[in-house]
Amino acid sequence: MKLYISKFILGLMILSVHFISAQNLSKNQFKVKGNCDMCKSRIETAAKKAGAKTAVYSVDLQTLTLETDNKVSTDEILKKVADAGHDNEKFKSSDETYKSLPGCCHYERDLQPSPTEAHQHHDHAKQDNEFYVKGNCASCKARIEKAAKTAGADMAEWSAEKQTVILNFDPSRTSSDKILKAIADAGHDNEKYKTSDAVYKGLPGCCLYDRDIPFGEANPNVHFEEGTKHEEHKEQGTATVNEHHEHEKSIEGVTVFGSKAATALSKKEAGLVFNIDKKELLKAACCNLSESFETNATVDVSFSNAVTGTKQLKMLGLDQKYTSLTKELLPEIRGLASAYGLNFIPGRWIESIQLTKGGSTVTNGYESITGQINTELLKNAKEPETSLNIFADFNGRAEANITSVSPINEKWSQTFLLHGNGTFGDTDMNDDTFLDRPKGTQINAAYLLNYNDLEKSGFGSHFGINFIRDERTAGQIGFDKNLSQDKQDAYGVGIDISRFQVWNKTGYVFKGKPYQSLGWMNQYVYHQQDSFFGLRNYTGKQHTYYSNLIFESIIGNTNHKYKAGASFLYDGYEETYLKDDMKRNEIVPGIFAEYTLTGLKYTLVAGARADFHNLAGTQFTPRVNFKYDFTPQTILRLSAGRGFRTANVFAENQQYFASNRNIQILPNGGNIYGLKPEIAWNYGASLQQEFKLFGRKSSIVADFFRTDFQDQVLVDLDRSPQQLIFYNLEGKSFANSFQTQWDFTPFKNFDVRLAYKYYDVQADYLDGRREIPFMAKHRGFVNLAYATNKNDKGGFWSFDTTLNWVGKQRLPDTSSNPAEFQLPVYSESYAVLNAQISRNFNKKIRAYLGGENLTSYYQKNAIVDFKNPFGNYFDGGMVYAPIMKANFYVGLDVTF
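Residues numbered from 1 in each chain as written. Predicted model: local features only at pLDDT ≥ 70, side-chain atom pairs only at ≥ 80, totals over all residues. Heavy atoms only, no water.

A. Representation of the overall build of the protein. Per the secondary structure count, the protein includes 10 helices and 43 strands. In summary, the protein has a C-alpha radius of gyration of 30 Å against a globular reference of 29 Å for 896 residues, a match within 12%. The dimensions of the protein, computed from C-alpha atoms along their principal axes, are 95 × 70 × 60 Å. By the burial criterion, 58% of the 896 residues in the protein qualify as buried. (Helix = DSSP H or I, 4+ residues; strand = E, 2+ residues; numbered from the N terminus. Rg over C-alpha atoms; globule rule 2.2 N^0.38 Å. Buried < 20%, exposed > 50% of the residue type's maximum accessible area, 1.4 Å probe, protein only.)

Here is the structure:
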């Protein structure tokens, strides 16, 4: 035992001596090209001969880590490495030397200096006054620049994107070493000095940068985009601005990522939040929000009616109505807009989408049960930018988009958005005499106005206005919308929608207290729908006013933050179905509070709200999200929360109106159609793991969520093929969802995304427990994306393809129908393949060609008894698969 103790003490002494001696060395990490162990040996030998104390080269990471003293510069060492045949971030080997290397050592010579470094290559490899410094956010920026100026710098400008600081100073008064030492003492590792563990751990949680990322590599955890005022990105048009440490959208709990990845999962968020960039939306025919998730494995998109062509989203195994769908973090697709609202946000208008799985923050309301999907519109541009998009498919659908984003002056900017589409062709691919999708037109226009004076007065504001007119005609080919249904034999559907909304979000950051802010959001929406489905009519009007006031501050320091506020929601509904007139007003004042605790390796967000619903009673909604970082690459998340909503049974189930089913509501003492509100608990856990594969970043995310309904309005399609029955749950209803997703890059510019999903969704109906219909237990997903290198004009090719495999689904019971009108108990499994090729000729012109459902699988019996649409067995709502065969499209994007 004594011998072991002696060896332990001796080891500590040796480590201590090594640590003390290391304080006089400077440790640096640089990008160096190489292929194999021979390259490793050659690089390390050249570095040591040039004067490096130690040199360690990683073939996987393509990085060379150096320790030097003040007798030799890293530039001298990297010059010798290049002379030995290996390109690096500062110097390039001569062609003659490169060609003389052994064949196995011939790496790809695509490592080019950055624009700044490329310019310096002939003068000096990097600006003499530019140094690598690690950081995450604008709080880091302020701390770094302040430390530099305190140490004598006349000017210090830190770049989050480059992870560098540019210094201007008088050499007679100070030195770069002195300044970088002060920056390290303030808590930020740099290319010459490393901060102590104690100082690093003392930084606010949001400032804890990843210490393992090599110098020169992009930091994926940057909290704001480079090149704009950081306050803009904290607020980004929302009602308030978060404090300097986190740069979240403070009133909504969604981070604006600095990363330019097409789809990014933030390592800093307590919840499971995916940020979908507009780059992702360009991978497919993203004409509107319903088509924005074709390359995303989390959201399921499916047709729900063969006559109206309606599309619906599903998440965590449950219908779209259980997901909070917001625009600019204001309630958007809900109420009467539930059935067709996905068509009202054009894809070319979208700047980004934030997708949250599981319960979202309480500050955004009480309706989120399975998650939240928030859409941000285009409103950020450094220079005036106007874009034109033209799209057409080979079956008579066309659309055009004009977007214009421009600064007015230093404080004001504006956005004009205009969209028009039309479907003119008679598409009937299965020869059942019914249109596979409606014909009609849409005009959609919006204007956004932004004010930002956060740096001086502390005020920021965002104003928006939107008008939509949408007219659709569906049904049998030859139906004349100008004639009433009772005067013609052809079955028809007409849907006319007018929608107007205006909103404002204003925020104020308290002077001298960047962590303290006040925000106020207000929105008014008017929505009107006039429609008929054969001989049945449905009309509705909805007036909605929403207001949300939020105050945010800290308790002691920024590791302890809180939000508190109040909200108000008014929904006025007027509906007519056949001869029944239904009116109701929902008035919901509410209060809420949320606390965020940030530690070195964990983040806890706990909140609760109380809403005083005039028809549903007082509702208490708690939610909690917890994140623990085992390592920077291994992250565990846990969540739990409650949500409630009132069911709009007519608006949310219009896909079944094009049928012979009679609607019946079994009241249960509630005040909304005689029904009680829907209440559910959602629990989730996820594990995020990052690792290197093929020398490149790879990640796997596995998550499990369970939703338990305390009360639910069940839609019963099984009691009779001639009935549609609504009633409150008596018993249990649950949804289990498991998903695993693997993202990796086998080689440069080629991205692969694989996913598998399992759903178990069951409910206790009046006649027993059954699986929810139209929900496949097993789903598979493959997305492949490849892009060529950009040429001198910024031009390149990109190729994208997505395969969705959908397992069998339980279908509603039709056993009481005649044999020829019966559906099987389960559907077939099927696969859908989409693909697109696009060509960017330069930064301003892009053309694309694509195909949807290239496997041409379609549901042959999409409409039951289509020959007799006014008979007892006609039903256009039994849809489980695509109803159109392969469809091709072309498009053009031009930026002025």
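B. Structural detail: the packing of helix H6 (residues 138-150) against helix H7 (residues 176-185). Closest axis-to-axis distance for the H6/H7 pair is 8 Å, and the angle between their directions is 140 degrees. When the axes of H6 and H7 are compared, the pair comes out oblique. Crossing hand, H6 versus H7: right-handed. Two secondary-structure elements touch here, H6 through Ile-144, Ala-147 and Ala-148 and H7 through Ile-179, Ala-182 and Ile-183. Across the contact of H6 with H7, the residue classes break down as 6 nonpolar, no polar and no charged. (Axes fitted to C-alpha atoms, helices over the stretch in contact; angles between N-to-C directions. Parallel < 35°, antiparallel > 145°, perpendicular 65-115°, else oblique. Left-handed = near helix turned anticlockwise from the far one by under 90°. Contact = heavy atoms within 4.5 Å. Nonpolar A, V, L, I, M, F, W, Y, C, P; charged D, E, K, R; others polar.)

C. Quick look at the nonpolar core. One finds Val-307, Tyr-491, Phe-533, Tyr-538, Val-649 and Phe-650 to be the most contacted residues of the largest nonpolar core, which totals 51 residues. No other element matches strand S23 (residues 492-509), which puts 3 residues into this core. Not counting residues up to four positions away in its chain, the partners in contact with Phe-650 are Tyr-538, Glu-575, Tyr-577, Met-582, Phe-657, Ile-663, Ile-665 and Tyr-673. By size, the runner-up hydrophobic cluster in this structure holds 39 residues, among which are Leu-289, Leu-313, Tyr-546 and Ile-679. (Core = buried A, V, L, I, M, F, W, Y, C linked by side-chain atoms within 4.5 Å.)

D. Structural context of the sheet that holds strand S13 (residues 318-319). Spatial ordering of the open sheet is given by S11-S12-S13, a layout of 3 strands whose pairing is antiparallel. Two strands bound the open sheet, and with one partner strand each, they are strand S11 (300-303) and S13. As paired elements, S11 and strand S12 (residues 311-315) share 4 bridges and run antiparallel to each other. In the strand pairing of S12, Asp-300 is matched with Lys-314. (Pairing = 2+ DSSP bridges.)

E. Spotlight on the pairing of strand S35 (residues 723-728). Most of S35 is tucked away: 5 of the 6 residues are buried. Of the pairings in the sheet, the one linking strand S31 (residues 662-666) to S35 comprises 5 bridges and is parallel in character. Each residue of the ladder has a partner; that of Ile-665, found in S35, is Phe-726. Judged from the 4 bridges that link them, strand S34 (residues 713-716) and S35 form a sheet pairing that is antiparallel. The partner of Asp-716 across the bridge, within S35, is Ile-725.

F. Representation of the pairing of strand S14 (residues 323-327) in the model. For S14, the buried fraction is high: 5 of the 5 residues fall into the buried class. With 5 bridges connecting them, S14 and strand S17 (residues 371-377) associate as parallel partners. When the sheet's bridge partners are listed, Ser-324 is paired in S17 with Gln-372. Relative to strand S15 (residues 330-331), S14 runs antiparallel, the two being bridged by 2 bridges. If you follow Lys-327 over to S15, its bridge partner there is Leu-330.

G. Focus on the pattern of salt bridges. If you walk through the whole model with that rule in mind, you get 51 salt bridges. We note a salt bridge from Arg-211 to Asp-189, for which the minimum N-O separation is 3.0 Å. Taken together, the residues Arg-211 in the loop between helix H8 (197-201) and helix H9 (230-235) and Asp-189 in the loop between H7 and H8 connect sequence positions 22 residues apart. A salt bridge links Glu-367 to Arg-334, with the shortest nitrogen-to-oxygen separation between them at 3.1 Å. With Glu-367 in the loop between strand S16 (350-357) and S17 and Arg-334 in the loop between S15 and S16, this residue pair connects regions lying 33 residues apart in the sequence. The class of Arg-334 is buried, set by a relative accessible area of 13%. The network of salt bridges with common partners includes Asp-716, Asp-718, Asp-767, Arg-770 and Arg-810. (Salt bridge = Lys/Arg side-chain N within 4 Å of Asp/Glu carboxyl O.)

H. Region of the structure containing the sheet that holds S31. The strand order across the open sheet formed by 3 strands is S31-S35-S34, and the pairing between neighbours is mixed. Single-partner strands in this sheet number two, and they are S31 and S34. Averaged over neighbouring strand pairs, the angle between their axes works out to 15 degrees when direction is ignored.

I. Representation of helix H3 (residues 74-83). Among the residues of H3, those classed as buried are Thr-74, Ile-77, Leu-78, Val-81 and Ala-82. One side of H3 holds all its buried residues, which, seen down the axis, span an arc of 140 degrees. Count one or two residues on from H3 and you reach Gly-85, which has phi positive near 120 degrees. (Arc of directions from axis to C-beta.)

J. H7, seen in detail. Along H7, the positions that sit buried rather than exposed are Ser-176, Ile-179, Leu-180, Ile-183 and Ala-184. Along the long axis of H7, the arc covered by the buried residues comes to 140 degrees, so they all point the same way. Where H7 is buried, its residues touch strand S4 (130-132), H6, strand S5 (153-159) and strand S6 (164-169). The positive-phi residue at the C-terminal boundary of H7 is Gly-187, with phi of around 120 degrees.

K. Quick peek at the state of the cysteines. Counted under the stated rule, the structure contains 0 disulfides. Considering cysteine sulfurs only, Cys-39 is the nearest to Cys-105, which forms no disulfide, with 3.6 Å between them. (Disulfide = S-S within 2.5 Å.)

L. Representation of the packing of aromatic side chains in the model. Applying the stated rule across the entire model yields 35 aromatic pairs. Ring centres of Tyr-322 and Phe-709 lie 5.1 Å apart, and the angle between their planes is 65 degrees; this geometry places the pair in the edge-to-face category. Taken together, the positions of Tyr-322 in the loop between S13 and S14 and Phe-709 in strand S33 (residues 696-711) put the pair 387 residues apart, joining distant regions of the chain. The exposure class assigned to Tyr-322 is buried, which follows from its relative accessible area of 2%. (Phe/Tyr/Trp six-rings, centres within 6.5 Å; stacked < 30°, edge-to-face > 60°.)

M. Up close: unusual backbone geometry. One non-glycine residue, Leu-316, lies in positive phi territory at about 55 degrees. Along the chain, the position of Leu-316 falls in the loop between S12 and S13.

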